[in-house]
Amino acid sequence: MALPRTRRLTRLALPLAVATALSLTACGSDSGSSGAADPADNRLIVATTVSPLTSIVAAVAGDNVRIEGIVPEGTNSHTFEPQPQTAELLSTADLIFVNGLKLEDPTLGLARANMKDGAEIIELGTVTLPESDYIFDFSFPEEEGKPNPHLWTDPTYAVEYADLVRETLTDRDPDNAAAYQANFDEFAREADRLAEAVRADQQTVPDGQLKLVTYHDAYAYFARNFDWTVVGAIQPKSFDEPTPSEVAGLIEQIRAEGVPTIFGSEVFPSSVLEAIAAETGVRYEDSLRDDDLPGEPGAPEHTLLELLRSNYRTMIAGLGGNPTNLDALVFEVTVPDNAYYPQ
Ligand SMILES: [Zn+2]
């Protein structure tokens, strides 16, 4: 498999014998799921891919289904290849939620090959986004046929995903329809509060400075909806480091646009960004979280909404604004999240 470029690489670099021994004794990502189901547990089994989607599904489902995430947090989901053991999980799942828009093709292929009779795959992004709204850009060029898949970084699309999850769960498990509706309402309300806080705080950014240069190209839809400008993303479509001529082009753009700060992330550490910052004299802020939810699984801050709050406060502060509304926001979330998030 392709190794994800991640700060958790050390775990993958364990000698094989040690890793195998660990997987026999621990419920970790090596087993591909949270472990054998309790035979008395007759809840629906729901598989999800990246942690933002797992968080959305958990927010709507609560404890009424068993949720198994597949893509480890802090992994490059665009190059992720599922382990063979994931086939076993996918063969037991009643529902499989993926983003689609060609983000998780290897996992989707494995799901289609292994899903049981009556199981259903829901491509949240593909269903949500009409083709006329696809965004193609530097990292996701049109000739490659893969649109930018990052809808969930925009809280308004996250609510649309949650509504699709609600509808799907209600069809499959009508006994809990009222709970799914109430949980969805809670998520939608909190996501709306987040969107309002972003809209209020972005007003404090100096005029003309809502311009994003990021390493990973994850904010295109957010920018379109919230009237920001994505000047560029550094990560090429190959997900390798950019070539010297690509770097030179970006340096020119950064200078021309007068961008004050460029943003990297812990998921995609990049010495290239550092070099670009040194060359252009702009600030380099390297703390975007991409798909890595804050805190540990089970902690109250381990949610998509907190992830987005963290990223947008970093961006607004980095662009010279005051994220006071985002800082003050306390999410009122009552739905438990006991989903399995591989690390
Ligand atoms: Zn991404």
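Check the entry above for the structure.
The model shown is predicted, which means the values in this text are computed figures rather than measured ones.

Parameters at a glance
- Starting afresh in each chain, residues are numbered from 1 along the sequence in its written order.
- Selection of residues for local features in this predicted model requires a pLDDT of at least 70, selection of side-chain atom pairs for listing and counting requires 80 or more, and totals for whole chains, interfaces and linings are taken over all residues.
- Buried Ala, Val, Leu, Ile, Met, Phe, Trp, Tyr and Cys residues form a nonpolar core when they are connected through C-beta atoms within 7 Å.
- Between the buried cut of 20 or more and the exposed cut of 12 or fewer other C-beta atoms within 10 Å of a residue's own C-beta lies the partly exposed class, and all C-beta atoms are placed from the backbone.
- Secondary structure elements are defined from DSSP: runs of H or I of at least 4 residues count as helices, runs of E of at least 2 residues count as strands, and each element is numbered from the N terminus.
- For the purpose of contact definition, each residue receives a C-beta atom placed from its backbone, and two residues are in contact when these atoms lie within 7 Å.
- The pairing criterion for strands is at least two bridges between them, as found by DSSP.
- Call a crossover right-handed when, viewed with both strands pointing away from you, the route from the first strand across the helix to the second goes clockwise.

Caption draft 1: Representation of the nonpolar core within the structure. Val-46, Ile-56, Val-57, Val-60 and Ala-162 are the most contacted members of the largest nonpolar core, which totals 86 residues. Top element by residues in this core is helix H8 (residues 177-202). It accounts for nine residues. With near-sequence residues (within four places) excluded, Val-57 lies in contact with Val-46, Thr-48, Ile-67, Phe-97 and Val-165.

Caption draft 2: Highlighting the environment of Leu-293. Residue position: Leu-293 is located in the loop between strand E8 (283-288) and helix H12 (304-318). Along the sequence, Leu-293 and Leu-305 sit twelve residues apart, while their C-alpha atoms lie 9.0 Å from each other. Setting aside chain neighbours within four positions, we find Leu-293 in contact with Ser-51, Ser-55, Glu-73, His-302, Thr-303, Leu-304 and Leu-307.

Caption draft 3: Looking closely at the pairing of strand E1 (residues 44-48). The element E1 is extensively covered by neighbouring structure, given that four of its five residues are classed as buried. Where E1 lies against strand E2 (residues 65-69), five bridges are found, and the strand directions are parallel. Following the sheet pairing, Leu-44 is matched in E2 by Val-65. Once the chain exits E1 it traverses helix H3 (residues 51-61) before rejoining the sheet at E2, and the crossover so formed is right-handed. Pairing analysis gives three bridges linking E1 to strand E3 (residues 95-98), with the strands arranged parallel. When the bridges of E3 are listed, Val-46 appears paired with Leu-95.

The analysis is restricted to geometry; functional conclusions fall outside its scope.
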